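These are the residues of each chain, in order.
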Amino acid sequence: MRRPGGWWRTKSTPEKVETYTRWSFHFFGVIEVFALGVSAYGRTGAGLATVLCLLVVAHAAVCMLVSSRALDWTRGRRPQPVRLMWTLVVVSAVVSTTAVVIAERGPAGEVETAAGSVYGGVLCFAAGVITLGVSGRRRMVAVVGGFAVGAGLLTFPLEMPVLASVVLAGLVMVTGGFLAITSIFSLWLLNAVYALDDAKETRARLAVAEERLRFGRDLHDVMGRNLAVIALKSELAVQLSRRGRPEAVEQMIEVQRIAQESQREVRDVVRGYREAALEVELAGARGVLTAAGITAKVTGETAGLPAEVQSALGWVVREATTNVLRHGDAKKVAVTVRMSGGRVVLTVENDGVAETTGDGPSAETADTVGSAPTSGSGGSGLAGLRERLSAVDGTLEAGPAGRGIFRLTAAVPLPDAAAGAALEVAS
């Protein structure tokens, strides 16, 4: 069974900001209902108050729908909600006109105050919401200004003084403009969060592309010259062989030697590409996590550790960091390297998982990290890490470790000489 709030934990940061923004716009509708509709019950009779409240509820519902569709439009998921915005204009005009009629023909006194609040309030909220569905400052100003002018014109049937009409239009302009600016700023913030998330993904893809280019350059440097020499010596051997010269054998022997040397150099390049230095991986993990807004704390010494131990633990750090960024929502990550009983123990803890429920980010983290088949060749995931660690007699444990904490622990035994050197450095 899913934990309450599990749907929120599974969302990415931009999706969380979008959900918050969407419900903030909906909350404007709730404020409208309580501020204009429900408050009418304390100002006039139950009958007229109910009519005013129902009008406000209908207007707020249309505002919620328009704001939601406008938000989808800004994200490129829907076409511009032009018809819905005109519908909101018509509903706002109907509600305002009805409020004017109630204020003009209803009992004098408090009913005029209640109807007047509904009259001006719905125009302010409508102006703020409709600006979400238009682009360009001029159009936004035109929308707010149009509602302000309309608010002033609709007061003439009430025979209000000109000064009062101007003041009312100014209030609609200021209040509607404030709601419009608030809404536009919220959309700008949402788009900025999505842009930052896209930039982070682009940066990761560029890092991968740069690494591929580096690997390609290394292979070209190793193989380019050797292949050119092999081609020239082979051509020379062919010419000598056609002439019956014994030097052709020597040239082919040289070709064989260069080919074997090239094979060895390629293996060295690939081995260097696959090896992961622990110190380099720790520094890289700290930088990547910090760039993602995660507090990273790295403690421990790596000096004096054998190359094969550093390579195995470096892969653990790399996979754990990738998992935190991809599957979790961590705020803090702690990486610790320590010596214990002739072993190097690497611990990676993060707080980006739910409690142990078997359903949620904690389970997802454990499963997705270990999604590689156990018979694979050392790929990503728990299975690949265990294979790498088994080559140096190491062990790996992963799972929840308390409330909201996920812990990954790798232990690798040290050779006697290396253990003594490492303990000497640590002391």
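Along each chain, residues carry numbers from 1 onward, in the same order as the chain's sequence is written. For this predicted model, a pLDDT threshold of at least 70 governs which residues receive local features, and a threshold of 80 or more governs which side-chain atom pairs are given and counted, while totals over whole chains, interfaces and linings are taken from all residues. Heavy atoms from the whole structure form the basis of all side-chain values; hydrogens and water molecules are not counted.

Let us look at the overall build of the protein. Think of it this way: any DSSP run of H or I at least four residues long counts as a helix, any run of E at least two long counts as a strand, and we number them from the N terminus. Broken down by element type, the protein carries 13 helices and five strands. Of the contacts formed within the protein by residues at least 6 apart in sequence, a portion of 67% connects residues at least 24 apart. Taken as a whole, the protein presents about 23,500 Å² of accessible surface, with 61% of it coming from carbon and sulfur. Any two residues whose heavy atoms approach within 4.5 Å at even a single point are treated as in contact. Per-residue and other accessible areas follow the Shrake-Rupley method at a 1.4 Å probe size, with only the shown protein chains counted as cover for residues.

With that settled, the discussion passes to the confidence of the model for the protein. Keep in mind that low pLDDT regions are not for reading the predicted coordinates in detail. On average, residues of the protein score 80 in pLDDT, and 83% of them are at 70 or above. Known as pLDDT, the predictor's per-residue confidence is scaled from 0 to 100. Per-residue pLDDT stays below 50 along residues 354-380; that stretch engages in 52 contacts with residues further than four places along the chain or on separate chains.

What describes two packed helices is the angle between their axes and the distance between those same axes. Between N-to-C directions, angles cover 0 to 180 degrees, with each direction set by a line fitted to C-alpha atoms, over the stretch in contact for helices. Contact pair helix H2 (residues 13-37) / helix H3 (residues 46-74): the axes reach a minimum separation of 8 Å and the direction vectors enclose 165°. By the angle between their directions, the pair H2 and H3 is classed as roughly antiparallel. In this structure, H2 meets H3 at a crossing whose hand is right-handed. Here H2 contributes Glu18, Arg22, Phe25, His26, Gly29, Val30, Glu32, Val33, Leu36 and Gly37 to the contact with H3, which in turn contributes Ala49, Cys53, Val56, Val57, His59, Ala60, Cys63, Met64, Ser67, Ser68, Leu71 and Asp72. Roughly parallel covers angles under 35 degrees, roughly antiparallel covers those over 145, roughly perpendicular covers 65 to 115, and oblique covers all other angles. Each crossing gets its hand from how the near helix is turned against the far one by less than a right angle, where anticlockwise is left-handed and clockwise is right-handed.

Let us now look at the packing of aromatic side chains. What describes a pair of aromatic rings is the distance from one ring centre to the other and the angle between the planes of the rings. The criterion for an aromatic pair is that two Phe, Tyr or Trp rings (for Trp, the six-membered ring) have centres within 6.5 Å, with stacked assigned to planes under 30 degrees apart, edge-to-face to planes over 60 apart and tilted to the rest. Using the criterion set out here, one finds two aromatic pairs in the structure. When the ring of Phe25 is compared with that of Phe28, the centres are 6.3 Å apart and the planes differ by 45°; the resulting orientation is tilted. Taken together, the residues Phe25 and Phe28, both in helix H2 and three residues apart, mark about one turn of the helix. Cation placement over rings: the criterion is NZ of Lys or CZ of Arg within 6 Å of the ring centroid and within 35° of the ring normal. Taking NZ or CZ as reference, Arg388 lies 3.9 Å from the ring centre of Trp315, over its face.

So, on to the environment of Asn350. Position of Asn350 among the secondary structure elements: in strand E3 (residues 343-350). Sequence spacing of Asn350 and Ile405 is 55 residues, and the spatial spacing of their C-alpha atoms is 5.7 Å. With near-sequence residues (within four places) excluded, Asn350 lies in contact with Val324, Ala330, Lys332, Val333, Gly404, Ile405 and Phe406.

A separate point is the nonpolar core. We call a set of buried residues a nonpolar core when its members are Ala, Val, Leu, Ile, Met, Phe, Trp, Tyr or Cys and they connect through side-chain atoms within 4.5 Å of each other. When a residue's accessible area, from a 1.4 Å probe over protein chains only, is under 20% of the maximum for its type it is buried; when over 50% it is exposed; and in between it is partly exposed. In this structure, Val66, Leu88, Val118, Tyr119, Leu123, Phe147 and Val172 are the most contacted members of the largest nonpolar core, which totals 37 residues. Of all elements in the fold, only H3, helix H4 (82-105), helix H5 (110-130), helix H6 (137-153) and helix H7 (162-242) reach the threshold of two or more residues within this core. Broken down by element, this core gets its largest block of residues, 12 residues, from H5. Among the nonpolar cores identified, the runner-up in size contains 30 residues, and Leu278, Val333, Val344 and Val348 belong to it.

Attention shifts here to H6. Multiplying 1.5 Å by the residue count of a helix minus one yields the expected span of that helix. Given a rise of 1.5 Å per residue, 17 residues ought to cover 24 Å, and the 24 Å separating the end C-alpha atoms of H6 matches this to within 8%. Every buried residue of H6 is accounted for by Met140, Val143, Val144, Gly145, Phe147, Ala148, Ala151 and Gly152.

Taken in spatial order, the five strands make up an open sheet running E1-E2-E3-E5-E4, and their pairing is mixed. Only two strands of the sheet have a single partner each, and these edge strands are strand E1 (295-299) and strand E4 (395-400). Neighbouring strand axes in the sheet, compared pairwise and without regard to direction, differ in orientation by 10° on average. By the bridge criterion, eight bridges tie E3 to strand E5 (residues 406-413) in an arrangement that is antiparallel. Across the sheet, Glu349 pairs through a bridge with Arg407, a residue of E5. A pair of strands is labelled paired if DSSP reports no fewer than 2 bridges between them.

This next bit is on the side chain of Thr131. Here Thr131 is to be found in the loop between H5 and H6. The contacts of Thr131, once residues within four sequence positions are left out, are Met140, Val143, Val144, Ala180 and Ile184.

To continue, consider the environment of Gly177. In this structure, Gly177 sits in helix H7. Expressed as a C-alpha distance, the spacing of Gly177 and Met140, which sit 37 residues apart in the sequence, is 8.9 Å. Excluding anything up to four places from it in sequence, Gly177 contacts Val144 and Val172.

Counting buried positions along E5 gives six out of eight residues, so the element sits mostly inside the fold. Examined bridge by bridge, E4 and E5 share six bridges and lie antiparallel to one another. Paired with Thr395 across the bridge in E5 is Ala411.

Moving on to the layout of surface pockets. Using only the protein atoms, space was sampled on a 1 Å grid; points where a 1.4 Å probe fits but cannot get out form cavities, open sets with protein on both sides within 12 Å along at least five of seven lines form pockets, and lining residues are those with an atom within 4 Å of a point. Grid points are joined across faces, edges and corners, and a volume is the space filled by probe spheres set on the points. Within this model, the second largest pocket holds a volume of roughly 340 Å³. In this structure, the second largest pocket is lined by 18 residues; those nearest its centre are Trp86, Val89, Ile130, Val143 and Phe147. Those elements that provide at least two residues to the lining of the second largest pocket are H4, H5 and H6. When the residues that make up the lining of the second largest pocket are grouped by side-chain class, the tally is 12 nonpolar, five polar and one charged. Any residue that is not Ala, Val, Leu, Ile, Met, Phe, Trp, Tyr, Cys, Pro, Asp, Glu, Lys or Arg is counted as polar, Gly included; the first ten are nonpolar and the last four charged.

What follows covers unusual backbone geometry. Backbone geometry at Asp393 places phi at a positive 60°, although glycine is not the residue there. Among the secondary structure elements, Asp393 is positioned in the loop between helix H12 (382-390) and E4. The exposure class of Asp393 is exposed, given its relative accessible area of 62%.

As a further point, take empty space enclosed by the protein. Going through the model one piece at a time under the given rule, you end up with five cavities of 30 Å³ or more. The space that makes up the largest cavity amounts to roughly 70 Å³. Around the largest cavity, the lining is made up of 10 residues, and of these Ala320, Asn323, Asn350, Phe406 and Leu408 lie nearest the centre. Elements with a contribution of two residues or more to the lining of the largest cavity: helix H10 (307-327), E3 and E5. If one sorts the elements of the lining of the largest cavity by residue count, H10 sits on top with four residues.

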